[in-house]
Amino acid sequence: MPQRAFPPISAPSLSPVKQGVIFALLATMVWSYNFIAARGLAETIPPCTLAVGRWLTAFTAIAPFALPGLRRERRHFTDHWRYYLLISAVGIAFFNTAIYKGAQTVPALNMTLIATTSPLFTLLLSRFFLGEAISAAKGAGIATAFCGVILLICRGDLSVLSSLSFHVGDLLLLSASMSFAVYTLLVRKKPQGCSLLSYLAVTFGLGGGLLLPAACWELARGGVVHFTPALAGGLLYMGLGASLFSFWCWAKAVNLIGPSRAAVIYYSLPLFAGAEAVLFLGEPVLWVHFASGALILGGLLIATRETPGAGSKG
């Protein structure tokens, strides 16, 4: 059996699968606010500039802790520079920037609907490139969770779907979902020989560096940054929460339970977003929240349950 890229944490009472599910849930919970934040900051800062600020914040926070490992492991990164350039371009530079760009024109309903396609892309790519089987239980769980997501987004009124229209911004968000699926698979294929802190520091730094020319181009063409407390808070959340914490948790989850299982848990994102709307925006709690929550959680339990002989590939 090949050695895992990121060893599981020491927790005797939790199996690797349970640990992986917890890590994936934590990552998704923090990411769930990213769409709201991106939409709220759309008029405050251009999208590429926002992405550079996010990754600069994350890199600044992690660099002091990662520096000793980076010195020890520099040969590893020079040997595998093509892999790190690719994963940084796909999962760091393009994925989030496409979300921020799409948030300028795409309604929140469309954004959430399109986000639910990422697990499907991950499952298909895992099947074709990693040979991960889609079992009957996993398929049933995916279908159940997906129904719950649709019910929640439509607030119980499926006729809402017939009035949706899709434009260029929607296609940009769809490509972001595909890029996140590719990133998830690339995490699974990470070369051996570096720590998780070093891995994150390198990808954050490379991703932010790749975006610098685009950010400079935005500002040179008249883009304006409005420095407000909301922008400062948004950058801290994106840099420390949605970047450093969530990407660390996601990498752990993918290694422990595989890309396909982790992707299924991503379906809980709208559920977390709905809970945040109730807690922070004062939106009412409706029957649809309980019904959709039951479907999503039930689907996740079915799709991620442990079976005899199941390994981390899920």
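Not measured: the values here are computed from a predicted model.

1. Quick look at the packing of aromatic side chains
Okay, step 1: Across all of its chains, the model carries 18 aromatic pairs by this definition.
Okay, step 2: Look at Trp31 and Phe180: their rings are 5.4 Å apart centre to centre, the planes differ by 90°, and that puts the pair in the edge-to-face class. Pair noted here: Trp31 is in helix H1 (residues 16-31) and Phe180 is in helix H9 (residues 168-188), with a separation of 149 residues, a long-range link.
Okay, step 3: You can call Phe180 buried: its relative accessible area is 1%.
Okay, step 4: One aromatic cluster in this structure is built from Trp31, Trp55, Phe95, Phe180, Tyr183, Phe204, Phe247, Trp250 and Tyr266.

2. Description of helix H10 (residues 196-220)
Okay, step 1: Between the first and last C-alpha of H10 there are 36 Å, a value that for 25 residues agrees with the 36 Å anticipated at 1.5 Å per step.
Okay, step 2: Leu212 marks where H10 bends most, by close to 35°; the proline Pro213 follows one to four residues later.
Okay, step 3: Note on H10: the residue one or two positions beyond its end, Gly222, has a positive phi of about 105°.

3. Digging into the pattern of salt bridges
Okay, step 1: All chains considered together, the criterion is met by one salt bridge.
Okay, step 2: The partner of Arg75 in a salt bridge is Asp79, and the shortest N-O contact between them spans 3.2 Å. Taken together, the residues span about one helical turn, with Arg75 and Asp79 both in helix H4 (residues 74-79) at a distance of four residues.

4. Focus: a nonpolar patch on the surface
Okay, step 1: A cluster of nonpolar side chains, contributed by Trp81, Leu85, Leu206 and Leu210, occupies part of the molecular surface with about 340 Å² of accessible area.
Okay, step 2: Listing elements by their share of the nonpolar patch, those giving two or more residues are helix H5 (81-102) and H10.
Okay, step 3: Structurally, Leu85 can be placed in helix H5.

5. So, the packing of helix H7 (residues 117-130) against H9
Okay, step 1: Two elements in contact, H7 and H9, have axes whose closest approach is 8 Å; the angle formed by their N-to-C orientations is 45°. Classified by the angle their axes make, H7 and H9 are oblique. Like other packed secondary-structure pairs, H7 and H9 cross with a definite hand, here right-handed. Contacts between H7 and H9 pair Thr117, Ser118, Phe121, Thr122, Leu125, Ser126, Phe129 and Leu130 from the former with Leu174, Ser177, Met178, Phe180, Ala181, Val182, Thr184, Leu185 and Arg188 from the latter.
Okay, step 2: Classifying every residue of the contact of H7 with H9 gives ten nonpolar, six polar and one charged.

6. Comments concerning the side chain of Ser179
Okay, step 1: Relative to the helices and strands, Ser179 resides in helix H9.
Okay, step 2: Those residues within four positions of Ser179 in sequence are excluded, and the remaining contacts are Val90, Phe94 and Phe95.

7. Thoughts on the packing of H5 against H10
Okay, step 1: Remark: H5 packs on H10, axes separated minimally by 8 Å, with the N-to-C direction vectors making an angle of 60°. The two elements H5 and H10 meet at a crossing, and its hand is right-handed. Contacts between H5 and H10 involve Tyr83, Tyr84, Leu85, Ile87, Ser88, Ala89, Ile92, Ala93 and Thr97 from the former and Tyr199, Val202, Thr203, Phe204, Leu206, Gly207, Gly208, Leu210 and Leu211 from the latter.
Okay, step 2: Classifying every residue of the contact of H5 with H10 gives 13 nonpolar, five polar and no charged.

Thresholds applied
Residue numbering note: each chain is counted from 1, following its sequence as written. Owing to the predicted nature of the model, reporting of local features is limited to residues with pLDDT of at least 70; listing and counting of side-chain atom pairs is limited to 80 or more, with chain, interface and lining totals taken over all residues. Side-chain numbers here rest on the full set of heavy atoms in the structure, without hydrogens or water. To pair, rings of Phe, Tyr and Trp, with the six-membered ring standing in for Trp, must have centres within 6.5 Å; the planes then decide the type, stacked if under 30 degrees apart, edge-to-face if over 60, and tilted in the middle. We count a stretch as a helix when DSSP gives it H or I for four or more residues in a row; a strand needs E for two or more, and each element gets its number in order from the N terminus. Categorising residues by exposure relies on relative accessible area from a 1.4 Å probe, with only protein chains included: less than 20% of the type maximum marks a residue as buried, more than 50% marks it as exposed, and the intermediate range marks it as partly exposed. An expected span of 1.5 Å times one less than the residue number is assigned to each helix. For a residue, the bend is simply the angle between two axes, fitted respectively to the seven-residue segment ending there and the seven-residue segment starting there. The salt bridge criterion pairs a side-chain nitrogen of Lys or Arg with a carboxyl oxygen of Asp or Glu, the two atoms within 4 Å. Each patch is built from residues that are more than 30% exposed by relative accessible area and take part in no salt bridge. Like charges join if they lie within 9 Å; nonpolar side chains (Val, Leu, Ile, Met, Phe, Trp, Tyr) join within 5 Å. The accessible surface values rely on the Shrake-Rupley method and a 1.4 Å probe; as for residues, cover is taken only from the protein chains in view. Angular values range over 0 to 180 degrees, each being the angle between N-to-C directions of two axes fitted as lines to C-alpha atoms, with helices fitted over their stretch in contact. An angle below 35 degrees is read as roughly parallel, one above 145 as roughly antiparallel, one from 65 to 115 as roughly perpendicular, and any other as oblique. Handedness of each helix crossing follows the sense of rotation of the near helix against the far helix: counterclockwise by less than a right angle gives left-handed, clockwise gives right-handed. Contacts are assigned to residue pairs with any non-hydrogen atoms lying within 4.5 Å of each other. All residues other than Ala, Val, Leu, Ile, Met, Phe, Trp, Tyr, Cys, Pro, Asp, Glu, Lys and Arg, Gly among them, are scored as polar; the first ten of these are nonpolar and the last four charged.

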